[in-house]
Structures are given as C-alpha cells and as structure tokens.
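# Overview (structure and organization)
Each chain is listed here by its residues.
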Amino acid sequence: MKQLREHIVLLLMIVLATLVMTYPTIGYVLDSNTIYISQDEDVYMKFWDAWYWGEILAGRQDYYYASNMFYPQGVDLSYHSFNVVHMILMQIMTPLLGVWSAYHAVFLLMLMLTSMSGYLYLYYLFQDKYAALLGAIFFGLTLFTMQHVGHPDLGFLAPIPIVLYFTERAMRENHYAGIVIAGFVSGLTIFIGMYLYISLLI
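### Digging into helix α9 (residues 159-173)
- End to end, α9 covers 21 Å across 15 residues, agreeing with the expected 21 Å (1.5 Å per residue, within 8%).
- Those residues of α9 that sit buried are Pro159, Pro161, Val163, Tyr165, Phe166, Glu168 and Ala170.
- As for α9, its buried residues are in contact with α5 (99-126), α6 (129-140), α10 (176-188) and α11 (194-201).
- Remark: Asn174 follows α9 within two positions and exhibits a positive phi of approximately 50°.

What follows is the structure, encoded as structure tokens:
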C-alpha cells in the first residue's frame, strides 16, 4: 500500500509537470469564454472527427464512409487518420466543459497518459521510480508531443511504452500472455493513427 501511494504521488507530479510545461493551456480549460486554437488548420478537422464519432454512435454514419460529404457521392474515409481515443474523450468532455475547453482538456489528458505509460515501462525496466519519473517527463512532454495540438494521432504516444512493457515482460519472465497483449495493443493503434501503427509494426 505504501509503495502504491509513492507511485500515486509521482504520477501526480506528472500531472503537475504537464500543467506547468503547457501553461497557459489549463487556463483555456477553466475559462470556456477564451478560445485559443493552434494556427494549424488540422485542428478543425479534429473537431469534425469528434462530431462524426457521435454520428457513428447514433447509427447515422459509417466509420469508413461519410455520406454527408461531397453529397451525393459521399467520401471514402478508409485512409483518414481517426484517433478514436481522442474522439471518445471529446464526446465525454464536451457536454461537461463545452467544445473549446474540452479540446484543451483532452490534449492535456493525452499528454499525461503518454507520460504515465512511459513511467510504467521505465519503472519496470530500471526499478527506480525517480529515474522512471524523469524519463516519463522527457518522453511525454517533448516538443514533438506538445506541439501536436492539432494532431492527436501523432502526439498521443502512450501505446508505445505499453507495447514495450508487455514485450519486455514476455521476454524476461516467459510471460507469453504479454506477447498476446502487446500484439493486441499494437493492432488497436490502427484506431489511434496509422503513423503510430506503422511505427509499432516496424
């Protein structure tokens, strides 16, 4: 129980580090009247993705084909890089915070999850919680992840340490279920982004 509490404290430090290093993003979450969106026009596509996920859940649209775009032909979405994690979190957060604040809250949450997954793997690797904390912050809060406000399919890297964690356990401990889990998580990343999926396959 004591060890669990120590890990919780360190995970809370990841939350704090995320809020500090992305400041003033937390202000945009707390003030729904303030609208600040990256200059990257792809951001607006991610708002559409979140809305479209609601249409899929309601049974009005298909995951791979949008009939309401370029009507009446529609458009094939097979190569569109959906991030289902981002879409689901947006669906949950938007009724609570409003769409603008929800977008920033989801961005912060995905950075935290990326760092925390890095912590899980690094702690298993080195058995040192402070080294794991430092490595997790370097992994999850790099310029690469923080600058991809408009590209959650690129900035959300949490599956990488998770796959590595289960693969490492499988090799070290003959924990063959770990290989199955690693393969399963790798397969699921196709619903997070094709770039991440291809990276894991390589």
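### Description of the nonpolar core
- Grouped together as the largest cluster of nonpolar side chains are 24 residues, with contacts concentrated most on Met90 and Tyr103.
- At the level of elements, α3 (42-57), α4 (84-97) and α5 are the ones that each hand at least two residues to this core.
- Top contributing element to this core by residue count: α5, with nine residues.
- Within the second largest apolar cluster, 10 residues are counted, among which are Trp53, Ala66, Leu77 and Phe82.

### Some thoughts on the packing of aromatic side chains
- Enumeration according to the criterion identifies 12 aromatic pairs in this entry.
- Centroid distance Tyr52 to Phe82: 6.0 Å. Interplanar angle 5°. Geometry classified as stacked. On the criterion of sequence distance, the pair formed by Tyr52 in helix α3 and Phe82 in the loop between β2 (75-76) and α4 is long-range, its members being 30 residues apart. There is no split in this pair, since Tyr52 and Phe82 are both buried.
- Ring geometry for Tyr124 and Tyr165: centres 5.3 Å apart, planes at 85°, overall edge-to-face. Remark: Tyr165 occurs in helix α9 and Tyr124 occurs in helix α5; sequence separation between them is 41 residues.

### Some remarks on a nonpolar patch on the surface
- A cluster of nonpolar side chains, Tyr64, Tyr65, Phe184, Leu188, Ile190 and Phe191, forms an exposed patch at the surface whose accessible area comes to about 570 Å².
- As for its position among the elements, Tyr64 is in the loop between α3 and β1 (65-66).

### Structural notes on the packing of α9 against α10
- In the contact formed by α9 and α10, the axes pass within 7 Å of each other and the chain directions differ by 160°. In terms of orientation, α9 lies roughly antiparallel with respect to α10. Where α9 crosses over α10, the handedness of that crossing is left-handed. Counted together, Pro159, Ile162, Val163, Phe166, Thr167 and Ala170 of α9 and Gly178, Ile179, Ile181, Ala182, Val185 and Ser186 of α10 form the full contact between these two elements.
- Its residues assigned to classes, the contact of α9 with α10 shows nine nonpolar, three polar and no charged.

### Comments concerning α10
- If you check α10, its first and last C-alpha atoms are 19 Å apart, about what 13 residues at 1.5 Å a residue would give, namely 18 Å.
- Every buried residue of α10 is listed here: Gly178, Ala182, Val185 and Ser186. When α10 is viewed along its axis, its buried side chains cluster within an angular range of 100° and face the same direction. Facing away from the buried side of α10 by over 90 degrees, the exposed positions are Tyr176, Val180 and Phe184.
- In this fold, the buried residues of α10 make contact with α9 and α11.

How each quantity is defined
- Residues numbered from 1 in each chain as written.
- Predicted model: local features only at pLDDT ≥ 70, side-chain atom pairs only at ≥ 80, totals over all residues.
- Heavy atoms only, no water.
- Helix = DSSP H or I, 4+ residues; strand = E, 2+ residues; numbered from the N terminus.
- Expected span 1.5 Å × (residues − 1).
- Buried < 20%, exposed > 50% of the residue type's maximum accessible area, 1.4 Å probe, protein only.
- Contact = heavy atoms within 4.5 Å.
- Core = buried A, V, L, I, M, F, W, Y, C linked by side-chain atoms within 4.5 Å.
- Phe/Tyr/Trp six-rings, centres within 6.5 Å; stacked < 30°, edge-to-face > 60°.
- Patch = residues over 30% accessible without salt bridge, like charges linked within 9 Å, V, L, I, M, F, W, Y side chains within 5 Å.
- Areas by Shrake-Rupley, 256 points an atom, 1.4 Å probe, with all protein chains shown as cover.
- Salt bridge = Lys/Arg side-chain N within 4 Å of Asp/Glu carboxyl O.
- Axes fitted to C-alpha atoms, helices over the stretch in contact; angles between N-to-C directions.
- Parallel < 35°, antiparallel > 145°, perpendicular 65-115°, else oblique.
- Left-handed = near helix turned anticlockwise from the far one by under 90°.
- Nonpolar A, V, L, I, M, F, W, Y, C, P; charged D, E, K, R; others polar.
- Arc of directions from axis to C-beta.

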